[in-house]
Amino acid sequence: MIEIEGITKRYDTTTVVDDVSMVIEPRTIAVIVGTSGSGKTTLLRMINRLVEPTAGIIKLDGADNRSVPGYELRRSIGYAIQGHGLFPHRTVAQNIATVPVLLGWEKNRIRARVDELMTLYQLDPQEFGPRYPHELSGGQQQRVGVARALAAEPNVLLMDEPFGALDPIIRTKAQEDLLAIQKRFGTTIILVTHDMEEAVHMGDKIAVMDAGKLVQYAKPAEILANPASSFVETLVGASERPFRLLSLGRVRDAVENGAAEGEAIPGDASQRDALAELLWTGRPALPVKGADGKPLGRVTVDGLVKRAARPA
Amino acid sequence: MKIRFDKLGVVIAAIAAYAAFLAPFATFRANRIVPGQARSILEALPATAGPLLMAIVIVAALMALFRTPLMLRLAASVVALAALALLVGVAGTFLTPAGNTLARVSPASGFWVLIFAFTLLLADVLTRLNLSPWARVAVLVAAAVAIGLLLVSGAWNDLSILKEYANRADSFWAEGSKHVTLALGSLLAAVVVGLPLGILCHRVERLRAGVLNVLNIIQTIPSIALFGLLIAPLGWIATHVPGAAALGIRGIGTAPAFVALFLYSLLPVVANTVVGLAGVPRAANDAARGMGMTDRQRLFGVEFPLAFPVILTGIRIVLVQNIGLATIAALIGGGGFGVFVFQGVGQTAMDLVLLGAVPTVALAFAAAIILDAVIEMTATKRRVETA
Ligand SMILES: Nc1ncnc2c1ncn2[C@@H]1O[C@H](COP(=O)(O)OP(=O)(O)O)[C@@H](O)[C@H]1O
Ligand SMILES: [Mg+2]
């Protein structure tokens with residue numbers, strides 16, 4: 001659990017982060033979203049003390065983060081910086097091994113961990129381990145950056161716009177990978193982005209920052225349904241709201257009885273994808289199938305449209 | 001087939017033609033200080049060797065002139081250089097009257113210009129071949145071995161410069177090692193002082209401008225003036241600091257030469273350290289801190305390795321500069337190859353000047369090639385991301 005209590009950061013007279021308080025539950029993803037310059041990065045970097053706050057405290061599992069030296073704290077917290085920040089003079093394997101080496105892990109344990117992470121990220125250790133970062137594609141570099149952050153099995157992972165530089169297809173894949181890994185290891189993740197779409201998709205909770213202030217901190221559905229201010233409403237994007245709301249729900253939760261013609265859609269697909277398919281093919285209903293391929297029922301345009309309306 | 005000219009080849013051929021037909025190949029003098037008489041290639045060499053060299057030079061120049069395959073150009077330049085090197089020795093023997101120990105034969109402008117022309121061709125070919133760093137060092141070693149073999153074989157023994165050497169063999173090596181010690185020692189001292197100073201300048205912004213300005217000003221002081229400026233303080237130290245004189249510290253001699261070279265070396269080392277460290281990608285530094293490196297771990301693990309190629313460039317500048325500048329040390333009794341240069345100037349004995357100048361140039365050249373190779377080897381692996 002991460003408890004941020006009354007955190008403020010001032011540079012000279014400008015207040016960059018202004019009295020922010022929030023609690024991040026263990027094993028969840030909190031997404032910090034806001035326009036550029038709203039203080040997201042600064043807030044994130046105060047958690048691992050790359051930036052020292054002017055006022056307030058941050059507790060990790062109940063302990064003040066100033067109770068250990070900064071470098072020790074940072075070794076225990078994963079950090080994936082904006083634009084991956086790989087060491088250009090070190091190979092992929094050496095990059096991933098950075099924190100385990102700093103922690104003095106045994107050689108065999110380090111090698112095993114590096115291989116494990118590379119395999120997890122679909123990078124063949126034999127082929128990619130000895131390469132230098134400039135010999136990788138953008139998507140591969142990004143994966144190595146995250147693998148490096150995860151190397152020492154941290155409970156907490158800080159990510160600063162980790163997917164910003166990726167093209168849309170690779171970005172979607174990277175987001176799915178991260179969600180899978182988060183489920184698998186139960187890591188608590190704080191992810192900074194300026195993309196509301198990403199925030200809604202990834203976050204268990206979303207923190208909206210504006211000019212250094214935390215203007216709303218809530219579940220995605222709540223943010224969409226009841227934006228705390230006109231700023232949040234703009235950020236959500238009025239015309240996108242219904243679709244974002246649908247993207248939060250799974251098809252299986254919108255199944256109605258009955259049958260329909262055509263190719264079945266999996267129950268795990270998002271309701272937004274189902275509606276898009278319906279609109280695009282001009283049909284009133286789609287059959288739905290479970291993970292085992294058995295029919296579950298159908299989804300209809302009418303049913304989905306009702307779900308896209310603002311919750312009461 | 002359309003005949004096409006090689007741009008650089010036109011220049012090389014023109015230079016070679018001038019040198020072969022119009023400039024003297026060797027100079028003959030009755031003794032080492034009287035004015036010499038010029039001898040063309042045909043006059044300086046025996047009946048068969050003269051026309052042979054002419055033919056080689058003409059063919060090689062034609063190879064250079066037209067667009068020819070690289071390997072052919074390589075062969076042309078190597079054969080021409082080898083022929084020149086061998087036959088200049090033959091000219092020495094041929095022109096020296098038997099039994100005459102006073103007569104002097106030395107290579108003249110034509111020879112040097114031909115060497116220059118075909119070295120240019122060779123350098124051009126090697127550049128276009130895009131050799132790996134190791135291959136370039138191998139070429140250097142091969143050239144050094146070839147020259148060494150020629151020297152040992154005695155093929156050049158009748159040339160004036162080697163007669164000068166024969167008269168001073170002992171002092172040649174003594175001054176040579178003094179020269180190298182002076183150049184390398186002051187470089188080492190500059191690295192030992194300059195690296196930490198550069199790191200300090202990088203970390204403490206307020207220091208940076210001041211230190212670099214002072215070093216810049218030192219760089220602009222002419223060497224003779226700097227020696228002059230050093231005489232008084234070093235003399236004072238020698239007489240007032242116990243043990244200093246015993247260490248060889250005096251107002252003139254090796255000490256001021258060493259200090260002057262050291263001072264000149266500081267700017268390139270410090271400036272390149274600062275530039276190199278400043279060029280370390282922000283993201284790499286940020287990641288290093290974010291991963292939990294201490295300042296020292298970041299310095300040695302990230303900043304330093306990434307700045308290393310740039311720092312090496314500074315060291316290369318210093319080494320080449322020092323090898324040249326160490327010649328001046330002789331002016332204040334500091335020794336080195338400059339001793340022969342200044343003696344030669346004093347005695348108007350050109351060959352004695354060459355005895356000092358040629359090894360100096362060769363050393364600087366070799367140092368440049370070796371360090372360039374090292375820089376390239378360290379830089380390619382660590383290529384910094386451009387994103
Ligand atoms: N070290 C610093 N000194 C002064 N101002 C800073 C510093 N770091 C960040 N800022 C300012 O704080 C504001 C918030 O920056 P940042 O946290 O990076 O925003 P975001 O990540 O949301 O784009 C910006 O206006 C930035 O200029
Ligand atoms: Mg930012």
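Residues numbered from 1 in each chain as written. Chains lettered and ligands numbered in written order. Predicted model: local features only at pLDDT ≥ 70, side-chain atom pairs only at ≥ 80, totals over all residues. Heavy atoms only, no water.

**Some points on the overall build of chain B**
Looking only at helices and strands, chain B has 15 helices and three strands in total. Across its three principal axes, chain B shows a C-alpha extent of roughly 75 × 65 × 30 Å. Looking at chain B as a whole, 45% of its 387 residues qualify as buried. Expressed as a percentage of contacts within chain B between residues at least 6 apart in sequence, the contacts between residues at least 24 apart total 76%. Per element, the accessible surface of chain B, about 18700 Å² overall, is 73% carbon and sulfur. Averaged over its 26 positive side-chain charges, chain B has a centre that lies 3 Å from the centre of its 15 negative ones. (Helix = DSSP H or I, 4+ residues; strand = E, 2+ residues; numbered from the N terminus. Buried < 20%, exposed > 50% of the residue type's maximum accessible area, 1.4 Å probe, protein only. Contact = heavy atoms within 4.5 Å. Areas by Shrake-Rupley, 256 points an atom, 1.4 Å probe, with all protein chains shown as cover. Lys, Arg positive; Asp, Glu negative; His and termini not counted. Charge placed at Lys NZ, Arg CZ, Asp CG, Glu CD.)

**Digging into the domain arrangement of chain B**
All names here are of chain B. Assigned domains within chain B: domain 1 (7–130) and domain 2 (169–386). On a C-alpha basis, the centroid separation for the pair domain 1 and domain 2 is 36 Å. In this complex, domain 1 contributes five residues to the contact, which on the side of domain 2 involves six residues. At the boundary of domain 1 with domain 2, total buried surface from both sides reaches about 470 Å², with 45% on carbon and sulfur atoms. Sorting the residues of domain 1 by area buried against domain 2 places Arg32, Ile33 and Trp112 first, and these three jointly supply 65% of that buried surface. Inspection of the domain 1/domain 2 interface yields one salt bridge. As a salt-bridge pair, Asp351 and Arg29 come within 2.4 Å of each other at their nearest N and O atoms. (Domains from an automatic or database assignment. Buried area = accessible area lost by both parts, 1.4 Å probe. Salt bridge = Lys/Arg side-chain N within 4 Å of Asp/Glu carboxyl O.)

**Here's the deal with the interface of chain B and chain A**
The partner chain A presents 21 residues to the 23 residues of chain B that form the contact. Where chain B abuts chain A, roughly 2000 Å² becomes buried across the two surfaces, and 61% of that area is made up of carbon and sulfur atoms. Between the two partners, chain B and chain A, sit one salt bridge. Close ionic contact of Asp286 of chain B with Arg45 of chain A constitutes a salt bridge, the shortest N to O distance being 2.7 Å. When residues of the side of chain B that touches chain A are traced back to their parent elements, those giving at least two are helix H12 (282–290), helix H13 (295–325) and helix H15 (350–381) of chain B. If you tally residues by element for the side of chain B that touches chain A, the top one is H12 of chain B, at seven residues.

**A short note on a positive patch on the surface**
Residues and elements named next belong to chain B. On the surface, Lys2, Arg4, Lys7 and Arg67 cluster together to form a positively charged patch. Note that Arg67 resides in the loop between helix H3 (49–65) and helix H4 (70–95). According to the relative accessible area criterion, Arg67 is partly exposed, its value standing at 49%. (Patch = residues over 30% accessible without salt bridge, like charges linked within 9 Å, V, L, I, M, F, W, Y side chains within 5 Å.)

**Some words on the packing of aromatic side chains**
Residues and elements named next belong to chain B. Enumeration over the complete set of coordinates arrives at eight aromatic pairs over all chains. Seen from their ring centres, Phe172 and Trp173 are 5.2 Å apart, and the 90° between their planes marks the pair as edge-to-face. Its relative accessible area of 57% is what places Trp173 among the exposed residues. Aromatic side chains Phe172 and Phe340 sit 6.0 Å apart centroid to centroid with 20° between the ring planes, which places their arrangement in the stacked category. Of the two residues, Phe172 is situated in helix H8 (residues 169–203) and Phe340 in helix H14 (residues 338–346); the sequence distance between them amounts to 168 residues. (Phe/Tyr/Trp six-rings, centres within 6.5 Å; stacked < 30°, edge-to-face > 60°.)

**Regarding helix H11 (residues 254–278) of chain B**
Counted at 1.5 Å a residue, the expected span for H11 of chain B with its 25 residues is 36 Å, and the 36 Å between its end C-alpha atoms agrees. Burial of H11 of chain B is extensive: 20 of the 25 residues sit out of reach of the surface. (Expected span 1.5 Å × (residues − 1).)

**Things to note about the domain arrangement of chain A**
As assigned here, chain A comprises domain 1 (2–236) and domain 2 (249–307). One C-alpha centre belongs to domain 1 of chain A, the other to domain 2 of chain A, and the line joining them spans 35 Å.

**Thoughts on the site of ligand 1**
Residues and elements named next belong to chain A. Around ligand 1, the neighbouring residues are Tyr11, Val16, Thr35, Ser36, Gly37, Ser38, Gly39, Lys40, Thr41 and Thr42. In this structure, an oxygen atom belonging to ligand 1 sits 2.6 Å away from a side-chain N or O atom of Thr41. Contact with the protein chains removes 55% of the 570 Å² of surface that ligand 1 exposes when unbound. In terms of residue count, the dominant contributor to the shell around ligand 1 is helix H1 (residues 40–47) (three residues). (Near = heavy atom within 4 Å. Polar contact = N/O pair within 3.5 Å; in protein donor to acceptor, adjacent residues only side chain to side chain.)

**What to know about the pattern of salt bridges**
Residue and element names in this part refer to chain B. For the structure shown, the criterion picks out 24 salt bridges over all chains. Here Asp6 and Arg128 are joined by a salt bridge, their closest N and O atoms 2.9 Å apart. Pair noted here: Asp6 is in the segment before helix H1 (7–21) and Arg128 is in helix H5 (residues 109–129), with a separation of 122 residues, a long-range link. Accessibility expressed as a relative area gives 42% for Arg128, which makes it partly exposed. Three or more residues are tied together by salt bridges with common partners; here these are Asp6, Arg73, Asp124 and Arg128.

**Here we look at the sheet that holds strand S2 (residues 14–24) of chain A**
All names here are of chain A. Spatially, S2-S1-S4-S5 is the arrangement adopted by the four strands of the open sheet, whose pairing is antiparallel. Pairing within the sheet leaves two strands with one partner each, and these edge strands are S2 and strand S5 (63–64). Here H1 sits on the sheet in contact with strand S1 (2–11), S2 and strand S4 (55–60), set at roughly 120° to S1. (Pairing = 2+ DSSP bridges. Axes fitted to C-alpha atoms, helices over the stretch in contact; angles between N-to-C directions.)

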